[in-house]
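Chain by chain, the residues:
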Amino acid sequence: MNPFTLAAVNFAWLPILPLIAVGVGAMVITLVGPSIDDEDSASLGLIALITVVAAFVLTLFTLGQNTLAFGGALAIDDYSGFFEIVILAATAVTIGMSLDYVADEGLAGAEYYALILFGALGMMLMAAAGDLIIIFLGLETMSIAVYALVGFMRRDPRSNEAALKYFLLGAFSTGFLLYGIALVYGATGTIRLDPVRAAVSADMASNPLLLMGVGMLVIGFGFKVAAVPFHMWTPDAYEGAPTPITAFMAVGVKLAAFAGFLRVFLIHLGPVSAQWSEVLWVIAALTMTVGNVIALVQDNIKRMLAYSAIAHAGYILLGMAAASSHQAGGAILYYLLGYSFTNLGAFAVVVALEHRGEVRDRISDFRGLARTHPGLAAAMALFMLSLTGVPPLAGFVGKFYIFSAALNAGLVWLVILAAVNSTISAYYYVRVIVEMYVREGDVVPIKRIAARPALLISIAVGLAGTILIGLFPQSYMDASAGAFAAAAGRPALKTTALLR
Amino acid sequence: MAGFWLTLLIFVPTLGAFGVLLQSDEESIWRSAFIFSLIPLAISIYLFAIFDPHQATYQFVERYSWIPQFGISYHVGMDGISLFLVILTTLLVSLCLLYSGGGDIEVRPREFCFMMLLLETGLLGALLAIDIFLFYLFWEVMLVPMYLMIGIWGHGRKIYATFKFVLFTMAGSLLMLIAIIYLVGVARTQLGHLTFDLPDLYRIALSPTEARWLFAGFAIAFAIKVPMWPVHTWLPDAHTEAPTAGSVMLAGVMLKMGTYGFLRFAIPLFPEVAIQATPIFMALAVIGIIYGALVAMVQPDLKRIVAYSSISHLGFVMLGIFALNPQGLEGATYQMLNHGVSTGALFLLVGMLYVRRHTREVSEFGGLWKSIPMYAAVFMFVMLSSVGLPGLNGFVGEFLILLGTFFKSERAAAVAVFGVVLGALYMMWAYERVMWGPITKKVNETIKDLTAREIAVMVPLIAAILFMGLYPRLILTRMEPSINLLLNRVEAAQARLDAAHARALAALAAPARTVAEK
């Protein structure tokens, strides 16, 4: 085998400009941050926002090309572009809901925004990974930033507990992922994804090294996407984290983890899908059932949304278990799109309720919201309905798309289970609506929403996404299916061809 | 025929809903909502006037591609079955808004009108959709305003009623969603392209096992909505706790979505299974008739009496549908309208009493005939229509249904007739206790009779009751072609079943014959 020399690597800077932009932005904030007072942290937020917008625009230029950069370590294709765009949008909305929050809570702005950008960088790396080491690198960059963000409220014991739990379990899971990568390397002789696919095609279905590796990878990714039984960290971490960070975790981390998970499994381990799809069948069934059933008894909105996020991961895993259907990839990407906007909006409403360190994250805190803030309540109601899967909102069309992919693959019973689960989920989502519209009682005073334009825009973005993606799904479906096809359609190159 | 009438019909209420949000004072909210509800009413009456009574297929069809990747289109049309349900919907919405503005709804009128008009969009869309995905969409959309209506403006255990309503309906509709997707998957393998279009889906052939499961998926969703015994338990709670207008819409139109679903989807898509399932559905329908009537008899609450009477009446509709013959189906379709008019009127009357006394307990009343004679007279008239007095609308429907059932199964008809007797019994008994005898409670001596607004609400319903009882031909002739089209499908399926049966017999007989020849 050829020694891995620098000369063999093709340095393509242009396709990774979005990544570079985010990294540079994060470093700029780190550098100028100390000279800016915490009261003015909004200006740092604006720098972060500008960085994200710049990266967003740069990403648009990478669309349509289908290149492998850095000798195959990075795959810059529409798949990575799709995920980068959604991740950047999620990052922008997260920053938008943080601007007032960080100032109100008196958090250290420089570290906060820099960490968000570093987290986003890691997520984008995962989306653009062309080999298993880059996936690991992206995962770690993202995770370390998010561990710190979760524990950002240093004086809040819940935040500390959340960070510690998330960190310990996360580190543990990373070990599994790394071990899985090592075993796959042992079985195939390569860490580049394209050659992995070429290697596993050739009759490796019963190779014990590969199978163990695949199993370890399932565990590693399972932790990050919060699949049952690897979900234990989720509710505590979601509850303890600052609320905008909870949104960032529920959307950004999940997007990135699924970006890696999907690319590795659906595309590059696709040839041995018979070996892992049954495992995912079981995990999907467990994930949606446990997530939904435990969500029923939550009184804390952030914990409820945490279990809801677990349940939604279950629906996505249902799509993965349907790997044999040609629709599966597009369906999952579309689902993630709708899920992201809906969840961002929902968390933004939760942020709107909080003010100056007062924790207002009980579901009963929503009581009477429809009378005091009818617009906010209507938005939250729409987000809850979208998560339940009521047409014509994004959540419904996503579910419909995934269900049809799964039925196409013959997973009738799993789809029926998913439908039963959706019914269960209606109970806890409707509960929020009932609190807002029906129950009488003391109403929690809320700072005027019009005084917080960034937060208002964040909610509006979530709302626009939830409605438009559901009402006019065709172009988004095309984009999702096209993005997946771009990654899946690339012929499986041999290692030698890459290192030529 | 290209046109825009149906789109206008479906979305004018949505437009109105948002228009109402802009109004500020209570007076103009009610006025604008009512005016907005008159537009679809006018359109539906105009469509009735230009409706071609001889055409069996869809009229005023509109079709635009919506999600081409899945072959989903915005495809709407109207036939003889949906025409009158559409008119019923637009009429009841207008009357409900007119009535509710008179003091029945005391809080948050803007939201109420918004929900009411949104509900109208959902109902009309579901009735007019030809694309099955579009149908499902509207089917779910109408759920949301209804449960908010029960939740916000309801009484008593409204939160419990809301949850029960949502969970029952969601459970059913998700099973239907799976059946829809599976059906479309079969359609793709057979027709070569993805389509959610109903006429396309009618063309596909299913294996008996597939058809049975898919029929079950649809039938459970619709049976919950009807509601058939034993999945009826959400209805009494939802009805009792809902505000008057909510009960009227729920009983008047929303329950019909279940029976309409059987006529439009479950039976024509899977006619063989429908034929085979006839005994089960007839039995459940008869149980529902008797059970609803018996339970209605012992209710202490007037509204619960009407609610349980709905279960009984909808049992008749289901019985007529599964008679699967012209008389039964026409009777059932007619009875859907009757029930909407009569039960809607009964709920309105009970609501009027509630506004005056803030109670609906039968024992709280007595001798009302003396203090509010006009109210009592109207109540009497509507009650007689509900129990099926000849000359009024209820009789036509019940008679046709029983006739059709008799042709199909004499036993079922014989038992169902008891339902008619029991219906007369519980209604008249309730009437007697409320209206006749001496005035037992002092407050009842001074309560007010019908106001001008209430009379205006009741007059169109009374007119409809009389008209539908005296001149049913006008409606029946327009239904007939569409119903015959449905029956053709059923008869073709019956022929296929008979042929298969004959083949099976021949196969059984063949070895016997060879033995005999030897």
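Residues numbered from 1 in each chain as written. Chains lettered and ligands numbered in written order. Predicted model: local features only at pLDDT ≥ 70, side-chain atom pairs only at ≥ 80, totals over all residues.

This part takes up the overall build of chain B. If you tally the helices and strands in chain B, you get 20 helices and two strands. The C-alpha radius of gyration computed for chain B amounts to 23 Å, which stays within 12% of the reference 24 Å derived for 518 residues, consistent with globular compactness. By residue count, 58% of the 518 residues in chain B fall in the buried class. In chain B, 79% of the contacts between residues at least 6 apart in sequence involve partners at least 24 apart. (Helix = DSSP H or I, 4+ residues; strand = E, 2+ residues; numbered from the N terminus. Rg over C-alpha atoms; globule rule 2.2 N^0.38 Å. Buried ≥ 20, exposed ≤ 12 C-beta atoms within 10 Å, placed from the backbone. Contact = placed C-beta atoms within 7 Å.)

Moving on, we get to the overall build of chain A. Broken down by element type, chain A carries 20 helices and two strands. Dimensions along the principal axes, computed over C-alpha positions, put chain A at roughly 70 × 55 × 40 Å. Among the 500 residues that make up chain A, the fraction classed as buried is 63%. For chain A, the proportion of contacts with a sequence separation of at least 24, taken over those separated by at least 6, is 81%.

This next bit is on the environment of A:Leu385. Take A:Leu385: it is sitting in helix H15 (residues 374-388). Here A:Leu385 falls in the buried class, since 24 other C-beta atoms lie within 10 Å of it. Distance from A:Leu385 to A:Pro453, taken between C-alpha atoms, is 25 Å for residues 68 residues apart in sequence. With near-sequence residues (within four places) excluded, A:Leu385 lies in contact with A:Val390, A:Leu393 and B:Val144.

Where the model shows low pLDDT, its predicted coordinates should not be examined in detail. Residues and elements named next belong to chain B. For chain B, per-residue confidence averages 87 on the pLDDT scale, and 98% of positions sit at 70 or higher. Across chain B, helix H12 (residues 271-297) holds the top mean pLDDT of 91, while helix H15 (residues 368-371) sits lowest at 82. Both scores are available for the predicted complex, with the pTM at 0.84 and the ipTM at 0.74. (pLDDT = per-residue confidence, 0-100.)

The end-to-end C-alpha separation of helix H9 (residues 208-225) of chain B is 26 Å, in line with the 26 Å expected for 18 residues at 1.5 Å each. Within the sequence span of H9(B), burial applies to B:Ala211, B:Leu214, B:Phe215, B:Gly217, B:Phe218, B:Ala219, B:Ala221, B:Phe222, B:Ala223, B:Ile224 and B:Lys225. (Expected span 1.5 Å × (residues − 1).)

This part is about the interface of chain A and chain B. With 23 residues of chain A at the interface, the matching set in chain B holds 26 residues. Of all elements in the fold, only helix H16 (394-408), helix H17 (412-437) and helix H19 (473-489) of chain A reach the threshold of two or more residues within the side of chain A that touches chain B. Across the side of chain A that touches chain B, the residue classes tally to 17 nonpolar, five polar and one charged. (Nonpolar A, V, L, I, M, F, W, Y, C, P; charged D, E, K, R; others polar.)

Before going further, it helps to examine the packing of helix H3 (residues 80-104) of chain B against helix H11 (residues 244-269) of chain B. Residue and element names in this part refer to chain B. Running from N to C, H3 and H11 point in directions that differ by 165°, and their axes come no closer than 8 Å. The pairing of H3 with H11 is recorded here as roughly antiparallel in orientation. Considering only the axes of H3 and H11, their crossing is left-handed. In this structure, H3 uses Ile 81, Leu 85, Leu 88, Thr 89, Leu 92, Cys 96, Tyr 99, Ser 100 and Asp 104 to contact H11, whose residues at the interface are Thr 244, Ala 245, Val 248, Met 249, Gly 252, Val 253, Lys 256, Tyr 260 and Leu 263. Of the residues assigned to the contact of H3 with H11, the class counts are 12 nonpolar, four polar and two charged. (Axes fitted to C-alpha atoms, helices over the stretch in contact; angles between N-to-C directions. Parallel < 35°, antiparallel > 145°, perpendicular 65-115°, else oblique. Left-handed = near helix turned anticlockwise from the far one by under 90°.)

All names here are of chain B. Among the seven residues of strand S2 (residues 72-78), six are classified as buried, and the element is accordingly described as predominantly covered. Of the pairings in the sheet, the one linking strand S1 (residues 59-67) to S2 comprises six bridges and is antiparallel in character. In the strand pairing of S2, Ile 67 is matched with Ile 72. (Pairing = 2+ DSSP bridges.)

We now examine unusual backbone geometry. Here the amide bond leading from A:Pro391 into A:Pro392 is cis, since omega sits at 0°, within 30 degrees of zero. The topology assignment puts A:Pro392 in the loop between H15 and H16. Between B:Val226 and B:Pro227 the backbone carries a cis peptide bond, its omega angle lying at -10°. Of note, B:Pro227 is situated in the loop between H9 and helix H10 (234-241). At B:Phe60, a position not held by glycine, the phi torsion is positive, near 55°. Inspection of the secondary structure assignment puts B:Phe60 in strand S1. On the neighbour-count criterion, B:Phe60 (22 C-beta atoms within 10 Å) is buried. Of note in the backbone geometry, B:Leu324 takes a positive phi value of approximately 50° without being a glycine. In this structure, B:Leu324 sits in the loop between helix H13 (302-323) and helix H14 (326-357).

This part is about H16(A). All names here are of chain A. The end-to-end C-alpha separation of H16 is 21 Å, in line with the 21 Å expected for 15 residues at 1.5 Å each. Of all 15 residues in H16, 15 are buried, a share of seventy percent or more. Once H16 ends, the next one or two residues include Gly 410, with phi positive near 85°.

Residue and element names in this part refer to chain A. Orientation of helix H11 (residues 273-295) relative to helix H12 (residues 301-321), taken along the N-to-C sense of each, is 155°, at an axis distance of 7 Å. On the basis of their axis angle, the class for H11 and H12 is roughly antiparallel. Handedness of the crossing formed by H11 with H12: left-handed. Taken together, the residues of H12 that come into contact with H11 (itself represented by Ser 277, Leu 280, Trp 281, Ile 283, Ala 284, Thr 287, Met 288, Gly 291, Asn 292, Ile 294 and Ala 295) are Met 304, Tyr 307, Ser 308, Ile 310, Ala 311, Ala 313, Gly 314, Tyr 315, Leu 317, Leu 318, Met 320 and Ala 321. Among the residues making up the contact of H11 with H12, the classes are represented as 17 nonpolar, six polar and no charged.

This brings us to the environment of B:Glu454. All names here are of chain B. Tracing the chain through its elements places Glu 454 in helix H19 (residues 452-470). Measuring from C-alpha to C-alpha, the distance between Glu 454 and Ser 100 comes to 9.8 Å, with 354 residues separating the pair along the chain. Setting aside its immediate chain neighbours within four residues, Glu 454 contacts Gly 102 and Met 352.

Checked against the element boundaries, A:Lys224 lands in helix H8 (residues 208-225). With residues near it in sequence (within four places) discarded, A:Lys224 still touches A:Leu139, A:Ser173, A:Val253 and A:Ala257.

Further remarks concern the confidence of the model for chain A. Residues and elements named next belong to chain A. Chain-level pLDDT for chain A is 86 on average; 95% of the residues reach the 70-or-more range. Taken as a whole, residues 1-8 scores under 50 in pLDDT and shows four contacts with residues more than four places along the chain or in a different chain. Here residues 493-500 scores under 50 on pLDDT; set against residues more than four positions off or in separate chains, the count is 16 contacts.

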